[in-house]
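One letter stands for each residue in the lines below.
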Amino acid sequence: MRSSGLWLCRAAGSAYRSFMLIRALLRPFENWISPFADRADHRPPATVWGFVWFYVRQAKGMTAALIVLGGLTALIEAGLFYFTGRLVDILDVTAREGGWSRLLADHGWELALMLSVVVFWRFAIVLLNALTDEQVMAPGFAFLARWQAYRHVSRQSLSFFQNDLSGRIVTRIAQGTQAVYDLVSTLIQNIWFVAIYLMSTLVLMVGLDWRLAIPILLWVVGFGFIACYFVPRIRVRAREYADTASMLNGRITDSFANIQTLKLFSSEKDSDAYVLDGFERSRRAALAFSRLIVGARSTMTLLAGVMIAILAILAIDLWMKGQVTTGGIAFSLGLMLRFNMLLGRTMGQINGLMRNIGTIQNAAEMIAEPIGLTDRPDARALVVKGPEIRFENVTFGYTRDRSVIDGFDLVVRPGEKVGIVGRSGSGKSTLVNLLLRFYDVNGGRILIDGQDIAAVTQQSLRSAIGMVTQDTSLLHRTIRENILIGRPGASDKDLAAALQRAEADGFVGQLEDHRGRKGLEAQVGERGVKLSGGQRQRIAIARVMLKDAPILVLDEATSALDSEVEAAIQSNLDRLMRGKTVLAIAHRLSTIAALDRLVVIDAGRIVEQGTHAELIAAGGLYSELWARQSGGFIGSRDMPVA
């Protein structure tokens, strides 16, 4: 019993050492490509082959190795049939009575060469091919393309993401970059393999009898005509199918992301109809694509059958005339049957090949789109001292035919707390978006401490501004990670202080997610769905408190809070605003009435400004809004004033 246990321990130790040795041998291959290395420019070209080459050239050494190894593999595969024919001829002329000694004496060196190719060289080349493909290209190249596509798209302007479905964007990045690897792999492992195999077949057939090469050449010509007819049509249908597939994924993602809204306002039948329409459109595109694939494959199969029959008849005729040996017949027919199988596999790959090209076309147009809002080449980091905010004759519209902000002038002095008031649609939130440079102004300029925000880096600009919005969406991460976005690397002490000042420490301590993670380590769900509106708002406020930026923007910062919690947080917000320049937007006027100055805007222009008391006494728009509100909310610009 003891010896058995000792043997098992030794066997386990030996197996572990073998595993570690194999891992050590594989590691150089695994690290050959650095997929996350930084580049100056992550934007690929928008054309299919330009898009593919953009990523392939970053791994051109490994791609070349795959091409060489794939060609050698094809040569050896063709050589195996030659060896079979030669072995038949050798056995045909060797007397059985002589046994192995006679066979080795007459043909030993040739048989040894065949054996070394079959056992050693074939194994070595296939192993290197597999290592290069599976250990280098598959993990390294695929992740390289996907990471760089993400890096480029993630730096697009806000309008880029507002104009498309997030699910559609994600699908194009994921499927488009994977399709690049699949396309390269298919071209090398299948198309290139067949091309080398074909050339080897022609050479070997000519060496046997030049007439045997004629059916193969006719076969290739026929294959070319069929491909010229079907491939362009398949490519168009493949692109249409890829486009409808990404559309369908976008609709499904949109439905799941807004599932609560759909359950509240839509019947299941109505909700399903929108997604079903996407399924039907995608299915129609798939059927149109598959019809062409069926036509191409069946035509190729018919051509292959005719050519195999012709070659077999020709080979038998030459054998009957004594112009080829029995081994030659076995070699030529075996080689041709293998070639037929490879062409059949190639036709099967054309389906995936065209899908990949269509997917790449669909993805490249989006991924390669130039970034709409960039830093200037000479942009410098924003230097904040005051800070003073100055809008100078600012004009802006989301479309060319309609201005939201028109000739806007405003100066916010260092440390001043200014409230922006106006009906819905008057341009309040647009001003904030322009200050954060989510959009560039159409005219005029915005200055912070005398520096044009268009001339500074976006990162330094937004680092100087803390913001709490009325529509708070959290990341599907832990409470800790959501708050640390405000200041990565902050200490636990600072984090706890921010939670306490935001009146969030109480409920955070009681949180527990579905996997049993508690407190700061609990995950909040997609867009923070597991928290109430008030809880999400307090997490957002804690994040801004931790950031402690010199400029503070509050866009309905307490709109999701009940009155008791709002009163508790308001005092903390007052402390947070000390020494900062503040812009506060509110529909509920009571929340900003005590600020230093209130600016009333309408149709993108300032119509009055002053303190709360001054504006009430003036009897203008602010006074009317205050009188009508009575604790409610301001109406839209189109509502008649009482």
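Just so you know, these numbers come straight off a predicted model, no measurement behind them.

### Details of the overall build of the chain
Inference 1: Check the secondary structure of the chain and you find 19 helices and ten strands.
Inference 2: Classification of the 642 residues of the chain by burial places 45% in the buried group.
Inference 3: Here the contacts in the chain between residues at least 6 apart in sequence split such that 78% fall between residues at least 24 apart.
Inference 4: Accessible area of the chain: about 33100 Å², with a carbon and sulfur share of 59%.

### Looking at the packing of aromatic side chains
Inference 1: Under the defined criterion, the tally for this structure stands at twelve aromatic pairs.
Inference 2: For the ring pair Phe120 and Trp121, a centre distance of 4.9 Å and an interplane angle of 75 degrees mean the geometry is edge-to-face.
Inference 3: A relative accessible area of 47% places Trp121 in the partly exposed class.
Inference 4: Measuring from ring centre to ring centre gives 6.4 Å for Tyr622 and Trp626, while their planes differ by 25 degrees; the resulting arrangement is stacked. With Tyr622 and Trp626 both in helix α19 (residues 621–629), this residue pair falls four residues apart, about one helical turn.
Inference 5: An aromatic cluster is built from Phe51, Phe54 and Tyr55, whose rings are joined through pairwise contacts.
Inference 6: The positively charged end of Arg233 is found above the aromatic ring belonging to Tyr229, 4.0 Å away from the centroid.

### Remarks on the environment of Ala195
Inference 1: For Ala195, the position within the fold is in helix α6 (residues 166–208).
Inference 2: Relative accessible area serves as the criterion here: at 29%, Ala195 is assigned to the partly exposed category.
Inference 3: Note: C-alpha distance between Ala195 and Leu343 (148 residues apart in sequence) is 10.0 Å.

### Describing the side chain of Arg172
Inference 1: By secondary structure assignment, the location of Arg172 is in helix α6.
Inference 2: Note on Arg172: relative accessible area 12%, which makes it buried.
Inference 3: With sequence-adjacent residues up to four places away left out, Arg172 is seen in contact with Asp164, Thr177, Asp243, Ser246, Asn362, Ala363, Met366 and Ile367.

### Things to note about the sheet that holds strand β9 (residues 597–602)
Inference 1: The strand order across the open sheet built from six strands is β6-β7-β8-β3-β9-β10, with neighbouring strands paired in mixed fashion. Each having just a single partner strand, β6 (465–468) and β10 (605–610) make up the two edges of the open sheet. Across the sheet, the mean angle separating the axes of adjacent strands is 20 degrees when strand polarity is ignored.
Inference 2: In terms of strand pairing, strand β7 (residues 551–555) meets strand β8 (residues 581–585) through five bridges, oriented parallel.

### Things to note about the UniProt feature "transmembrane region" (unreviewed entry) in the chain
Inference 1: The UniProt record annotates "transmembrane region" (unreviewed entry) at residues 64–83, 111–131, 187–206, 212–231 and 300–320.
Inference 2: For residues 64–83, the end-to-end C-alpha separation is 28 Å, with 100% helix and 0% strand making up the annotated structure.
Inference 3: Helix makes up 95% of residues 212–231 and strand 0%, whereas the separation of the span's terminal C-alpha atoms amounts to 29 Å.

### Some remarks on empty space enclosed by the protein
Inference 1: Tallied over the entire structure, the rule returns two cavities of 30 Å³ or more.
Inference 2: Taken as a whole, the largest cavity encloses approximately 40 Å³ of empty space.
Inference 3: Lining the largest cavity we find Thr171, Arg172, Gln175, Gly176, Ala242, Ser246, Thr359, Asn362 and Ala363.
Inference 4: Taken together, the elements giving at least two residues each to the lining of the largest cavity come down to α6, α7 (213–257) and α10 (326–367).

### Examining unusual backbone geometry
Inference 1: The omega torsion across Gly386 and Pro387 is -5 degrees, close enough to zero to call that bond cis.
Inference 2: Relative to the assigned elements, Pro387 resides in the loop between α10 and β1 (389–396).
Inference 3: For Arg437, which is not a glycine, the phi torsion comes out positive at approximately 55 degrees.
Inference 4: Within the secondary structure layout, Arg437 lies in the loop between α11 (428–435) and β4 (443–448).
Inference 5: Even without a glycine there, the phi angle at Asp548 is positive, about 55 degrees.
Inference 6: Within the fold, Asp548 resides in the loop between α16 (533–547) and β7.

### Things to note about α11
Inference 1: Taken across its eight residues, α11 has seven buried, putting it largely inside the fold.
Inference 2: Buried within α11 we find Lys428, Thr430, Leu431, Val432, Asn433, Leu434 and Leu435.
Inference 3: The positive-phi residue at the C-terminal boundary of α11 is Arg437, with phi of around 55 degrees.

### Observations concerning the pairing of β4
Inference 1: Sheet analysis places β1 next to β4, joined by five bridges and oriented antiparallel. For Phe391, the partnering residue across the bridge sits in β4 and is Ile446.
Inference 2: Alignment of β4 against strand β5 (residues 451–452), held across two bridges, turns out to be antiparallel. Its bridge partner being in β5, Leu447 is matched across the sheet by Asp452.
Inference 3: Between β4 and β5, which pair antiparallel one after the other, the connecting turn spans two residues, and Asp449 there sits at a positive phi close to 50 degrees.

### Regarding the environment of Gly222
Inference 1: For Gly222, the location among the structural elements is in helix α7.
Inference 2: Overall, the relative accessible area of 17% leaves Gly222 in the buried class.
Inference 3: Note: C-alpha distance between Gly222 and Met300 (78 residues apart in sequence) is 8.6 Å.

### A closer look at α16
Inference 1: Relative to the 21 Å expected for 15 residues at 1.5 Å per residue, α16 spans 21 Å between its end C-alpha atoms, a close match to the ideal helical length.
Inference 2: Burial runs high along α16: twelve of the 15 residues are buried.
Inference 3: Of the positions making up α16, those classed as buried are Gly534, Gln535, Gln537, Arg538, Ile539, Ala540, Ile541, Ala542, Arg543, Val544, Met545 and Leu546.

Cut-offs used in this document
- Residues numbered from 1 in each chain as written.
- Predicted model: local features only at pLDDT ≥ 70, side-chain atom pairs only at ≥ 80, totals over all residues.
- Heavy atoms only, no water.
- Helix = DSSP H or I, 4+ residues; strand = E, 2+ residues; numbered from the N terminus.
- Buried < 20%, exposed > 50% of the residue type's maximum accessible area, 1.4 Å probe, protein only.
- Contact = heavy atoms within 4.5 Å.
- Areas by Shrake-Rupley, 256 points an atom, 1.4 Å probe, with all protein chains shown as cover.
- Phe/Tyr/Trp six-rings, centres within 6.5 Å; stacked < 30°, edge-to-face > 60°.
- Lys NZ or Arg CZ within 6 Å of the ring centre and 35° of its normal.
- Pairing = 2+ DSSP bridges.
- Axes fitted to C-alpha atoms, helices over the stretch in contact; angles between N-to-C directions.
- UniProt positions renumbered as here; feature names shortened; annotations may be inferred.
- 1 Å grid on protein atoms, 1.4 Å probe; cavity = no way out; pocket = protein on both sides within 12 Å on 5 of 7 lines; lining within 4 Å.
- Points joined across faces, edges and corners; volume = space filled by probe spheres on them.
- Expected span 1.5 Å × (residues − 1).

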